[in-house]
Amino acid sequence: MASNRGIQIGSAWFQRKLNLRPQHRGVHLVTEEILKQVPELSQFAVGLCHIQIMHTSASLALNESWDPDVRDDMEMMLNKIVPEGLPYRHSCEGPDDMPAHVKACFLGSSLTIPITDGKLNLGTWQGVWLCEHRNHAGSRKVVVTLSVRKGGGSRPPTRSPTRDHPPRALGGPRNSRVKKRL
Amino acid sequence: MASNRGIQIGSAWFQRKLNLRPQHRGVHLVTEEILKQVPELSQFAVGLCHIQIMHTSASLALNESWDPDVRDDMEMMLNKIVPEGLPYRHSCEGPDDMPAHVKACFLGSSLTIPITDGKLNLGTWQGVWLCEHRNHAGSRKVVVTLSVRKGGGSRPPTRSPTRDHPPRALGGPRNSRVKKRL
Amino acid sequence: MASNRGIQIGSAWFQRKLNLRPQHRGVHLVTEEILKQVPELSQFAVGLCHIQIMHTSASLALNESWDPDVRDDMEMMLNKIVPEGLPYRHSCEGPDDMPAHVKACFLGSSLTIPITDGKLNLGTWQGVWLCEHRNHAGSRKVVVTLSVRKGGGSRPPTRSPTRDHPPRALGGPRNSRVKKRL
């Protein structure tokens, strides 16, 4: 574990602009879609992965990766807290325009995630969400910046780096997971 | 583009404390005010720019840089979602005091923005917002930390690094911009 | 002050996984609980401290460290803005389950804080909050990543690095502080 390695000298940088495929309005799990476009991440034993969305009407969040109901409920709450139909002055692109900006401000346009042993160091149930606030959006651009320790020390990943496709299909009904205190 | 440069070795640090001029309650575009106090940024080909506001009743966000109506609508929504006049226990400084803390928590006190080719790598319509939640605030302190690749490789900036003053005055009425899917 | 040191070459990394002790639902000041588990921080003159909570139903924020009423009011507002009892689809763990995910998304799961002279560079009244959104949560895991300048230059800290226990007991009634424009 990184906690036993002490202070490690030296740094390196990597930066890449990605496109995320168009999504309908709502909350979408995109951990794997991002990671498969940054295979270089597996080379680094420790560091930080910064992900910036280059738009003002979509956002990034880090939350539940297992139950898609969480993402649907989040979309429901975004619409409840930031409703359409208020007397917005900025309405040139339709009723979903200004609410999208407000939602994007509350959720944020970037994530910074620790890298450990060549993988994003996420909690058991954490995944990266693309929150699409527009009704008819195109592809979304993202800039990924890796600030990492240079040099060896990483082990090759021996399992899938994320759990975008958790083994729910392998057994048991939906919501059968014991998920206390996540 | 940085995405073609591969992994780049070596790092450097730069840190400076800035003052942002006092603003009335509301949302303000401060990209240029910050950047002109950190000219060193233009030296670095790749890195991250971290901006921290040193206060608990103002916040930073990254959103629309073009239409000031968006900023006015955001202030309206902040006041709607976090209203004054609720039974707050912390009210020693007036009705705007506790709502300011709540708003600041939701929007956040720092931004981390990628640096590419000596400039903040922002989307076409993105700019840095100072969100002033107090009625009568003074100057706000900000600490800017640059974590960057050392050494050459950056091109001198050939255009204004931000769009705080987009060419709206150059033609067409307000809101004439085609801004689909930003 | 760091702002007079110019560009500083060289970087180092440190990463540690911590446990924060179980807390009741609400907002809790944990600056000292985190810092005492990362004494290595005092060695570094400049850098960034990234703190990631490894859960999806608790969050981190940076806000008022002095008056506990602010934290109680924040908990009150979280429950008002994201109430229980709505028609959530994800409700397998009880009425506090889905609201916890929404609150965590709005507040965020990580903080990035500048390091200056071996200490977190926080504003006078800023402290790290653990926001516990579940009724019955256990210990919460946190990954702390230090991205710092290597080498000397830090001064040994000459005072407590944070103000989790500000000198309120030393004089005056609660709320006697002059706290204008923080």
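Residues numbered from 1 in each chain as written. Chains lettered and ligands numbered in written order. Predicted model: local features only at pLDDT ≥ 70, side-chain atom pairs only at ≥ 80, totals over all residues. Heavy atoms only, no water.

A.B. asks: How do you make sense of the overall build of chain A when you look at a structure like this?
C.D. replies: Helix and strand counts for chain A stand at 3 helices and 9 strands. Listing the helices and strands of chain A from first to last along the sequence gives β-β-β-α-β-β-α-α-β-β-β-β. Across the 182 residues that make up chain A, the buried fraction comes to 63%. Within chain A, contacts between residues separated by at least 24 positions form 85% of all contacts whose residues are at least 6 apart in sequence. (Helix = DSSP H or I, 4+ residues; strand = E, 2+ residues; numbered from the N terminus. Buried < 20%, exposed > 50% of the residue type's maximum accessible area, 1.4 Å probe, protein only. Contact = heavy atoms within 4.5 Å.)

A.B. asks: Help me out: how do you make sense of the packing of aromatic side chains in this one?
C.D. replies: Each aromatic ring pair is described using two quantities: the centre-to-centre distance and the angle formed by the ring planes. In this structure the tally under the stated criterion is 4 aromatic pairs over all chains. An angle of 90° between the planes, with centres 6.0 Å apart, marks the rings of Phe106 of chain A and Phe106 of chain C as edge-to-face. Remark: Phe106 of chain C occurs in helix α3 (residues 97-107) and Phe106 of chain A occurs in helix α3 (residues 97-107); the pair is interchain, linking two chains. Assessed through its relative accessible area of 4%, Phe106 of chain A is described here as buried. Between the aromatic rings of Trp66 of chain C and Trp125 of chain C, the centroid separation amounts to 6.5 Å while the plane-to-plane angle is 75°, which identifies the pairing as edge-to-face. With Trp66 of chain C in the loop between β5 (58-64) and α2 (68-81) and Trp125 of chain C in the loop between β7 (119-120) and β8 (126-132), this pair connects stretches of sequence that are 59 residues apart. Given the relative accessible area of 21%, Trp125 of chain C is considered partly exposed. Clustering of aromatic rings is evident, with ring pairs tying together Phe106 of chain A, Phe106 of chain B together with Phe106 of chain C. (Phe/Tyr/Trp six-rings, centres within 6.5 Å; stacked < 30°, edge-to-face > 60°.)

A.B. asks: Just to check I follow, could you spell out the sheet that holds strand β4 (residues 46-53) of chain C for this structure?
C.D. replies: Across a sheet, strands are paired by hydrogen bonds formed along the backbone, either parallel or antiparallel in direction. Strand order in the open sheet made by the 6 strands is β1(A)-β2(C)-β9(C)-β4(C)-β6(C)-β7(C), with antiparallel pairing throughout. At either end of the open sheet lies a strand with only one pairing partner, and these are β1 (8-9) of chain A together with β7 of chain C. Examined bridge by bridge, β4 of chain C and strand β9 (residues 140-148) of chain C share 7 bridges and lie antiparallel to one another. Bridge pairing links Gly47 of chain C to Val148 of chain C in β9 of chain C. (Pairing = 2+ DSSP bridges.)

A.B. asks: How should I be thinking about the environment of Met98 of chain C in this particular structure?
C.D. replies: Within the secondary structure layout, Met98 of chain C lies in helix α3. Here the alpha-carbon distance between Met98 of chain C and Leu86 of chain C, two residues 12 residues apart in the chain, equals 9.6 Å. If sequence neighbours within four positions are ignored, Met98 of chain C has contacts with Val70, Asp73 and Met74 of chain A together with Tyr88 and His90 of chain C.

A.B. asks: How should the pairing of strand β6 (residues 110-116) of chain A be read in this particular structure?
C.D. replies: On a regular strand, one side chain projects to one face of the sheet and the next to the other, so that they alternate. Residue and element names in this part refer to chain A. Across the 7 residues of β6, 6 count as buried, placing the element largely inside the fold. Sheet analysis places strand β4 (residues 46-53) next to β6, joined by 7 bridges and oriented antiparallel. Bridge pairing in β6 links Leu48 to Pro114. Alignment of β6 against strand β7 (residues 119-120), held across 2 bridges, turns out to be antiparallel. In the sheet register, Ile115 faces β7, and the bridge partner there is Leu120. From the end of β6 to the start of β7, which pair antiparallel, there are 2 residues, and Asp117 there has a positive phi angle of about 55°.

A.B. asks: Explain the interface of chain A and chain C to me, please; I cannot follow it from the model alone.
C.D. replies: It is common to give the size of an interface as the accessible area lost on bringing the parts into contact. Taken together, the contact between chain A and chain C spans 49 residues of the former and 45 residues of the latter. The interface formed by chain A and chain C includes 2 salt bridges. Viewed at the interface, chain C and chain A are joined by 16 residue pairs in polar contact (both at pLDDT 80 or more). Among the elements of the structure, β1, β4, β5 (58-64), α2 (68-81), α3, β6, β8 (126-132) and β9 (140-148) of chain A are those that each provide at least two residues to the side of chain A that touches chain C. (Salt bridge = Lys/Arg side-chain N within 4 Å of Asp/Glu carboxyl O. Polar contact = N/O pair within 3.5 Å; in protein donor to acceptor, adjacent residues only side chain to side chain.)

A.B. asks: What am I meant to see in the relation of the copies chain A and chain C here?
C.D. replies: The two chain copies are related to each other by a rotation about an axis together with a translation along it. In screw terms, the move from chain A to chain C is a rotation of 120° and a rise of 0.0 Å along the axis, fitting with an RMSD of 0.0 Å. This pairing of chains is accounted for by a three-fold axis. A distinct binding surface is used by each copy, with only 10% of the interface residues of chain A retained as interface residues in chain C. (Least-squares fit on C-alpha atoms with pLDDT ≥ 70 in both.)

A.B. asks: It is not clear to me how the environment of Thr56 of chain C should be interpreted in this structure. Could you clarify?
C.D. replies: All names here are of chain C. Secondary-structure assignment places Thr56 in the loop between β4 and β5. Thr56 sits in the buried class, given a relative accessible area of 1%. Residues Thr56 and Cys105, 49 residues apart in the sequence, show an inter-C-alpha distance of 8.0 Å.

A.B. asks: Help me understand the relation of the copies chain B and chain A, please; the structure alone is not making it clear to me.
C.D. replies: For the pair chain B and chain A, the relating rotation is 120°, the translation along its axis is 0.0 Å, and the fit reaches an RMSD of 0.0 Å. A share of only 10% of the interface residues of chain B reappears at the interface of chain A, consistent with the copies meeting through non-equivalent patches.

A.B. asks: I would appreciate a short explanation of the pattern of salt bridges in the present structure.
C.D. replies: Pairing is possible between side chains that carry opposite charge, provided their charged atoms lie close to one another. Residues and elements named next belong to chain A. According to the stated counting rule, one finds 27 salt bridges over all chains in the structure shown. The partner of Arg140 in a salt bridge is Glu132, and the shortest N-O contact between them spans 2.8 Å. Like Arg140, the residue Glu132 is buried in the burial classification. Beyond isolated ion pairs, a larger network of salt bridges with shared partners links Arg25, Glu75 and Glu84.

A.B. asks: Which parts of the structure should I look at to understand the side chain of Arg149 of chain A?
C.D. replies: Examined against the element boundaries, Arg149 of chain A turns out to sit in the segment after β9. This buried residue, Arg149 of chain A, is left without a salt bridge; Asp117 of chain A holds the nearest opposite charge, at 9.1 Å. A polar contact is formed between the side chain of Arg149 of chain A and the side chain of Gln8 of chain A, at a distance of 3.1 Å. With residues up to four places along the chain from it excluded, the contact list for Arg149 of chain A reads Gln8, Ile9, Gly10, Ser11, Phe44 and Val46 of chain A together with Trp13 of chain C. (Lys, Arg positive; Asp, Glu negative; His and termini not counted.)

A.B. asks: What is the right way to read the sheet that holds β7 of chain A from this model?
C.D. replies: Overall, antiparallel pairing links the 6 strands, which are arranged β7(A)-β6(A)-β4(A)-β9(A)-β2(A)-β1(B) in an open sheet. Strand pairing shows two members of the sheet lacking a second neighbour, β7 of chain A together with β1 (8-9) of chain B, which therefore form its edges.

A.B. asks: Mind showing me how you'd approach the interface of chain B and chain A here?
C.D. replies: Counting residues at the interface gives 49 residues for chain B, matched by 45 residues for chain A. A combined buried area of about 3,800 Å² lies between chain B and chain A, and 61% of that area is made up of carbon and sulfur atoms. Across the chain B-chain A interface, the total number found is 2 salt bridges. Across the pair Arg89 of chain A and Asp69 of chain B runs a salt bridge, and its minimum N-O distance is 3.1 Å. For the side of chain B that touches chain A, the leading source of residues is helix α2 (residues 68-81) of chain B, giving 10 residues. Each residue belonging to the side of chain B that touches chain A can be placed in one class, and the counts come to 23 nonpolar, 15 polar and 11 charged. As defined by bridge partners, strand β2 (residues 12-20) of chain A adjoins β1 of chain B across 2 bridges and the pair is classed as antiparallel. The residue bridging Ala12 of chain A from the neighbouring strand is Ile9 of chain B, located in β1 of chain B. (Buried area = accessible area lost by both parts, 1.4 Å probe. Nonpolar A, V, L, I, M, F, W, Y, C, P; charged D, E, K, R; others polar.)

A.B. asks: Looking at this structure, how should I read the confidence of the model for chain A?
C.D. replies: Interpreting fine coordinate detail is not advised for predicted regions of low pLDDT. All names here are of chain A. The share of residues in chain A with pLDDT of 70 or more is 80%, and the mean pLDDT across the chain is 86. Within the model, the stretch residues 153-182 combines pLDDT values under 50 with 66 contacts to residues more than four positions away or in other chains. For this predicted complex, the interface confidence comes out at an ipTM of 0.85, alongside a pTM of 0.87. (pLDDT = per-residue confidence, 0-100.)

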